[in-house]
Amino acid sequence: MHPYMIVIMAAALMVLAAAVLMISENQRQKEELRRRFRENFGTVLSRSYTDEEMERIGAFSRKKDSPKKGYLDDITWNDLEMDQIFARVNQTLSAPGEEVLYRMLRMPLSAETSGHFQEMTEFFRKDAKAREEMQLILAGIGKKTRYSLGSAAEELAQAPEISWIAHGVQAGALVLSLFLLPVVPVAGVFAVFGFLVFNAFTYQTGKDRRDTEAFRGLFAVLCQILEAGRKLEKITWKETEENCRKVAEIRRELGRFQKRSFWFTAGSAAGAGAAKLFLDYLNLFFHVDLLVYPGLLREAREHREGFGELLEAVGEIDAAIAVASFREQLPWCCTPRFLSTGESQMEVQDLFHPLLEHPVANSFTARRGVLLTGSNASGKSTFLKAAAVNAVLAQTISVCTASFYRAPRCQICTSIALRDSIQNGESYFMAEIRSLKRILALAEEQTPVLCVIDEVLRGTNTVERIAASSGILRSLARPKVYCFAATHDLELTQILRNFYDNYHFEETVTGGDVCFSYQLKNGPSVSRNALILLERSGYGEEIVTSAREAAENFEKNGVWEVLA
């Protein structure tokens, strides 16, 4: 056999072996990802987010939805600890997925959108093979971005514009000098070397590269989403047909953008091997990235609305898989039912808070407002939050942590975890007044409202608190308004008995120990435990005895004794 043939065959075998190894490694990585997806599905994952991450994830929602009716305002979001709820639900694999999921949790879905989302969620919950195939596609997008992708249109509007002419002249001069090498070798060498140095210097120190550098990551992620979209086009499941069709339409419009963006983003996305080194030098000497940037930016701006639609179409699929996993984590859950026009009753069975590890379930029916009483630490605040959180989950991701949920679609507003603000010079009482005023304004809109209030006007004295609280709660006792309020003022249960249903939590005291059942019971509370808790916490007998005698004397005579 000819030596050259031996060399060629050896080279071919090496290429074949390399190809087999690459295919084998790629398959191994896919199997590893599938194994991880299977292990994580339906499992509670521990994940915390920095303030910067939450700011990025929520930016699109705030810009697009905050002026809209039904949007969950910041007070309500923070009262209900929705950042933690989001972290519990969020098992998305892509940046678009987690931004869409966050947006869904803050803005109720329409009945039509909700039905489509439920269909996708149930499909991915049941079909593990399809779910894992989709997760492999979504994992290719990833979350490694510092941009709010949902705000890509605004980001692109702020991107700097540069001229390609100067960079084209420099690249052209270097190409011409290369042609001089075989004709005039000495002059060609000096010309090539000179233009290499000059082009590299202007590239590294030039304003154009510095100004555009910040946008490479954005364009790179957009390209990854388009590449994922190419794979989504091949999916034929009817449950995701609407989303995949939308992706295909947008990809056709963005075809030129995807081709051009390679030369602008490939160097930063090529890893750390020979490919990255080659592309970096190509940009350094020929300014290829800066030559394609003006056209790339123009294409992106022309189709920026398409990017938003693309992100939502892809992100909705990712969010559906995350919600499917969330459903599997729960000890029980249900799909909510919503009342038709004219009906006005909330009925919930076996309700629990999704963040509790060992929850106690409660059931209730509310045809009007609910006044909740009970001793300290008996479960009032947790129940209020559970009711409001489930209303949010019902109207957004169509999941309730209950065995049955039937209620009207409501605007949700809370006043629970208020605090004073030294920076703004605002007392706790003033914060309460502002918070309650927005609830009163919402109740006047003649639309269904669920408002949750924990300890009405706790920041003022007893007499004025009871007087003002009764007035506020009476004003909220109107058709289509479901007001759930917790109070320690038992006087309110009598004052408002014609307008509110009374429920309470109670405790049992055994051998000096206080035990809570966390079970919701009908009627107002008849027990107190503050003094017992003081005693069990190690307070001196003199303090506890004196307080008990003073309380008993006040209940008997209606007057507080002056201490000697």
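Parameters and conventions
Residues numbered from 1 in each chain as written. Predicted model: local features only at pLDDT ≥ 70, side-chain atom pairs only at ≥ 80, totals over all residues. Heavy atoms only, no water. Buried < 20%, exposed > 50% of the residue type's maximum accessible area, 1.4 Å probe, protein only. Helix = DSSP H or I, 4+ residues; strand = E, 2+ residues; numbered from the N terminus. Contact = heavy atoms within 4.5 Å. Polar contact = N/O pair within 3.5 Å; in protein donor to acceptor, adjacent residues only side chain to side chain. Pairing = 2+ DSSP bridges. Axes fitted to C-alpha atoms, helices over the stretch in contact; angles between N-to-C directions. Salt bridge = Lys/Arg side-chain N within 4 Å of Asp/Glu carboxyl O.

Novice: Whenever I open this one, helix 4 (residues 82-89) confuses me. Can you help?
Specialist: Working note: α-helix, 3.6 residues per turn, so residues spaced by three or four point in the same direction. The buried count for helix 4 comes to six of eight residues, which makes it a mostly enclosed element. Of all the positions in helix 4, only Met-82, Ile-85, Phe-86, Ala-87, Arg-88 and Val-89 are classed as buried. Summarising the contacts, the buried residues of helix 4 are in contact with helix 2 (51-65), helix 3 (74-79), helix 5 (95-106), helix 17 (304-329) and helix 18 (380-396).

Novice: So what exactly am I meant to see when it comes to the environment of Phe-499 here?
Specialist: With respect to the helices and strands, Phe-499 occurs in the loop between helix 21 (491-495) and strand 9 (500-505). With relative accessibility at 27%, the residue Phe-499 sits in the partly exposed group. Along the sequence, Phe-499 and Gly-140 sit 359 residues apart, while their C-alpha atoms lie 56 Å from each other. Beyond its immediate stretch of four places on either side in the chain, Phe-499 contacts Arg-368, Gly-369, Arg-474 and Ala-477.

Novice: Is there a simple way to explain the side chain of Ser-378 in this structure?
Specialist: Mapped onto the fold, Ser-378 is located in the loop between strand 4 (369-374) and helix 18. Of the residues examined, Ser-378 reaches a relative accessible area of 1% and is grouped as buried. From its side chain, Ser-378 meets the backbone oxygen of Ser-375 in a polar contact 2.7 Å long. With near-sequence residues (within four places) excluded, Ser-378 lies in contact with Phe-505, Phe-516 and Tyr-518.

Novice: Looking at this model, I keep getting lost on the sheet that holds strand 5 (residues 404-407). Mind explaining?
Specialist: The strands making up a sheet associate through hydrogen bonds between their backbones, and the pairing can be parallel or antiparallel. The strand order across the open sheet formed by four strands is 1-5-2-3, and the pairing between neighbours is mixed. At either margin of the open sheet sits one strand with a lone partner, and together these are strand 1 (337-338) and strand 3 (362-366). Pairing geometry for strand 2 (residues 346-351) and strand 5, over three bridges, is antiparallel. Following the sheet pairing, Gln-349 is matched in strand 5 by Phe-404. The sheet contacts of helix 18 involve strand 1, strand 2, strand 3 and strand 5, and relative to strand 2 the element is tilted by about 110°.

Novice: Mind showing me how you'd approach the pattern of salt bridges here?
Specialist: Scanning the model with the defined rule gives 30 salt bridges in all. Salt-bridge contacts for Asp-74 lead to Arg-106; the nearest nitrogen and oxygen are separated by 2.9 Å. Placement of Asp-74 in helix 3 and of Arg-106 in helix 5 is noted, with a sequence separation of 32 residues between them. Under the relative-accessibility criterion, Asp-74 is labelled partly exposed at 48%. Residue Arg-256 pairs with Glu-299 through a salt bridge whose shortest N-O separation is 3.3 Å. Residue Arg-256 is found in helix 14 (residues 255-269), and its partner Glu-299 is found in helix 16 (residues 288-302); the two are separated by 43 residues along the sequence. With relative accessibility at 7%, the residue Glu-299 sits in the buried group. Here the residues in one salt-bridge network are Arg-56, Glu-98, Glu-99 and Lys-143, joined through shared partners.

Purely geometric numbers; function is a separate question.
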